[in-house]
Amino acid sequence: MMTIHFKNGTTLKVLQETAEILKKNITKGCSDFQIFSDQDGKVFLFIKLSEIVFIE
């Protein structure tokens, strides 16, 4: 598990695979939203990339 730290001080534990996707998009310079959904298309995580401070 990895921890995402947001500008508002909250944290969120995510799988390493999820964190790697976020890191990749942040590195590309994306400032949009990242949406994760399950196999049925139900959204389970919705993150605004510009609100992430760091991932550890």
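Just so it is clear, the structure is predicted and the values come from calculations on it, not from any experiment. (Residues numbered from 1 in each chain as written. Predicted model: local features only at pLDDT ≥ 70, side-chain atom pairs only at ≥ 80, totals over all residues. Heavy atoms only, no water.)

1. Re the pairing of strand β2 (residues 11-14)
Then, in step 1: Relative to β2, strand β1 (residues 2-6) is paired through four bridges, and the arrangement is antiparallel. Its bridge partner being in β2, T3 is matched across the sheet by K13.
Then, in step 2: What sits between β1 and β2 in their antiparallel hairpin is a turn of four residues, with G9 showing a positive phi close to 95°. (Pairing = 2+ DSSP bridges. Helix = DSSP H or I, 4+ residues; strand = E, 2+ residues; numbered from the N terminus.)

2. Notes on the nonpolar core
Then, in step 1: Among the nonpolar cores identified, the biggest contains 12 residues, and these are M2, I4, F6, V14, A19, L22, F36, L45, I47, L49, I52 and I55.
Then, in step 2: Among the elements that line this core, the one with the most residues is β1, at three residues.
Then, in step 3: Sequence-distant contacts of I47, defined by excluding residues within four places in its chain, comprise I4, F6, L12, L22, D32, F33, Q34 and I52. (Core = buried A, V, L, I, M, F, W, Y, C linked by side-chain atoms within 4.5 Å. Buried < 20%, exposed > 50% of the residue type's maximum accessible area, 1.4 Å probe, protein only. Contact = heavy atoms within 4.5 Å.)

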